[in-house]
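# Structural overview
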Amino acid sequence: MEKAQYDWRKEGEALLFDWYEYDIPTKLKKQILKLMDLYQLNYGAMDFIETPDGKLHFLEVNSGGEYMWLDLLFKGKISEAIANVLIGNVKRREKLFPLF
């Protein structure tokens, strides 16, 4: 879509059901967890872009990023993961690295 070429949100409603689950490569998962540990984040909405040649490029992490629209598509998996941290079922990512 022309309006979504540089920012998908310009056609967000039209693209709502085009999202799909993506299996992140193991190496990238480890890099993401290191970043989460470094910033002591228990949640982060990360933005990546995939180029036509299949390479993923990290754009940013939002420590309070919105996810509800995506959570609805994936039957509450994100909310469930956050809830598990909040109720203590999953160890929080704090004090894993000393603060500077």
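The following paragraphs examine the structure supplied in this document. Predicted, not measured: the structure shown is a model, and the values here were computed from it.

## Describing the overall build of the protein chain
Of regular secondary structure, the protein chain possesses three helices and two strands. Helices (α) and strands (β) of the protein chain occur, in sequence order from the N terminus, as α-β-β-α-α. Seen along its three principal axes, the alpha-carbon backbone of the protein chain occupies a region of about 45 × 30 × 25 Å. Buried residues in the protein chain amount to 15% of all 100 residues. Considering only contacts within the protein chain whose residues lie at least 6 apart along the sequence, 37% involve residues at least 24 apart.

## Thoughts on the packing of aromatic side chains
Within this structure, the stated rule accounts for three aromatic pairs. Aromatic pair Trp19 and Trp69: ring centres 5.2 Å apart, planes at 55°, arrangement tilted. Of this pair, Trp19 sits in the segment before helix 1 (26-38) while Trp69 sits in helix 2 (residues 68-73), placing them 50 residues apart in sequence. Seen in terms of ring centroids, Phe48 and Phe58 are 5.5 Å apart; in terms of plane orientation they differ by 65°. Their pairing is edge-to-face. Here the residue Phe48 occupies a position in strand 1 (residues 45-50), and Phe58 occupies one in strand 2 (residues 56-62), the gap between them amounting to 10 residues.

## Focus: the pattern of salt bridges
Enumeration over the complete set of coordinates arrives at two salt bridges. A salt bridge links Glu21 to Lys77; its shortest N-O distance comes to 3.4 Å. One end of the pair, Glu21, is in the segment before helix 1; the other, Lys77, is in helix 3 (residues 77-86), with 56 residues separating them in the sequence. Look at Glu21 and you get exposed, because its relative accessible area is 56%. The closest approach of N and O atoms between Asp23 and Lys29, which form a salt bridge, is 3.6 Å. In this structure Asp23 comes out as exposed when scored by relative accessible area, which is 65%. Classification of Lys29 by relative accessible area gives partly exposed; the value is 38%.

## Overview of the environment of Asp47
On the secondary structure map, Asp47 appears in strand 1. Judged by relative accessible area, which is 29%, Asp47 ranks as partly exposed. Sequence separation of Asp47 and Gly65 is 18 residues, and the distance between their C-alpha atoms is 9.9 Å. Each residue touching Asp47, except ones within four places of it in the same chain, is listed here: His57, Phe58, Leu59, Glu60 and Asn62.

## Section: the pairing of strand 1
Sheet analysis places strand 1 next to strand 2, joined by six bridges and oriented antiparallel. If you follow Met46 over to strand 2, its bridge partner there is Val61. Between strand 1 and strand 2, which follow one another and run antiparallel, lie five residues, and Gly54 among them has a positive phi close to 90°.

Conventions and cut-offs
- Residues numbered from 1 in each chain as written.
- Predicted model: local features only at pLDDT ≥ 70, side-chain atom pairs only at ≥ 80, totals over all residues.
- Heavy atoms only, no water.
- Helix = DSSP H or I, 4+ residues; strand = E, 2+ residues; numbered from the N terminus.
- Buried < 20%, exposed > 50% of the residue type's maximum accessible area, 1.4 Å probe, protein only.
- Contact = heavy atoms within 4.5 Å.
- Phe/Tyr/Trp six-rings, centres within 6.5 Å; stacked < 30°, edge-to-face > 60°.
- Salt bridge = Lys/Arg side-chain N within 4 Å of Asp/Glu carboxyl O.
- Pairing = 2+ DSSP bridges.

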